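# Chains, contacts and geometry: an overview
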Amino acid sequence: MSKDAKKYWEERANDLLLGKQITEVRWLDKKEAEDIGWDSRPVALQLDDGTWIVPMRDDEGNDGGALSISGDIPENEEVLGVF
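Going along each chain's sequence as written, the residues are numbered from 1 onward. Given that this is a predicted model, residues contribute local features only at a pLDDT of at least 70 and side-chain atom pairs are listed and counted only at 80 or more, while totals for whole chains, interfaces and linings are drawn from all residues. Working from all heavy atoms in the structure, the side-chain values ignore hydrogens and water.

## With respect to the overall build of the protein
The test is simple: Secondary structure elements follow DSSP: runs of H or I of four or more residues count as helices, runs of E of two or more count as strands, with numbering from the N terminus. Exposure is judged per residue with a 1.4 Å probe applied to protein chains only, and the accessible area is read against the type maximum: over 50% gives exposed, under 20% gives buried, and values in between give partly exposed. In what follows, residue pairs with any heavy atoms lying within 4.5 Å of each other are defined as contacts. Per-residue and other accessible areas were derived by the Shrake-Rupley procedure at a 1.4 Å probe size, with only the shown protein chains allowed to occlude residues.
Summing up its helical and strand segments, the protein has two helices and five strands in all. The N-to-C order of helical and strand elements in the protein reads α-β-α-β-β-β-β. Projected onto its principal axes, the C-alpha coordinates of the protein cover approximately 40 × 30 × 25 Å. The 83 residues of the protein split such that 18% are buried. In the protein, the share of contacts with a sequence separation of at least 24, taken over all contacts with a separation of at least 6, comes to 33%. Split by element, the accessible area of the protein, about 6500 Å² in all, is 50% carbon and sulfur.

Below, the structure written as C-alpha cells:
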C-alpha cells in the first residue's frame, strides 16, 4: 500500500470511528448471515450515528470474522468469535 493510500484510509477511519460511542452489541442472526452469503455470524457493533461495524474474514467480505480485544493487561484479552 502506498503512503498516499495509507494516509487516505487512516483519515477515513478516523472520520468514521473517532469519538463515536457504541450503542448496541449483538451477533448477526442466521437470516442476516444467509442474506450476505456467510456461514459465520460475527458480533456487530452499532455506533451512535447508526453506523454498524461488522468484522469480516477479509476485505472482500468472504465471511464473518472474529474480533480481537486487547489492552494493557494480558489477562483481559478476549476474542469475540463467530457462531
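## Structural notes on the sheet that holds strand β3 (residues 52–53)
For clarity, the threshold we go by: Following DSSP output, two strands are said to pair if at least two bridges run between them.
Across the sheet, which stays open at both edges, the three strands sit in the order β1-β2-β3 with antiparallel pairing between neighbours. The strands lining the two open edges of the sheet, one partner per strand, are β1 (22–27) and β3.

## Some points on helix α1 (residues 3–17)
Filter applied, for reference: One less than the residue count of a helix, multiplied by 1.5 Å, gives the span that helix is expected to have.
A rise of 1.5 Å per residue sets the reference length of α1, with its 15 residues, at 21 Å; its end C-alpha atoms lie 21 Å apart and thus fit the reference within 8%. Where α1 ends, the next residue or the one after it, Gly19, has phi of about 80°, a positive value.

## Quick notes on the environment of Asp39
Along the chain, Asp39 turns up in the loop between α2 (30–36) and β2 (43–47). The spatial distance from the C-alpha of Asp39 to the C-alpha of Gly64 is 7.6 Å, given a sequence separation of 25 residues. Residues within four places of Asp39 in sequence aside, it is in contact with Asp63 and Phe83.

## A short note on the environment of Val25
Relative to the helices and strands, Val25 resides in strand β1. What makes Val25 partly exposed here is its relative accessible area of 48%. In sequence terms Val25 and Gly65 are 40 residues apart; their C-alpha atoms lie 15 Å from each other. Other than its neighbours up to four places away in sequence, Val25 contacts Val43, Ala44 and Leu45.

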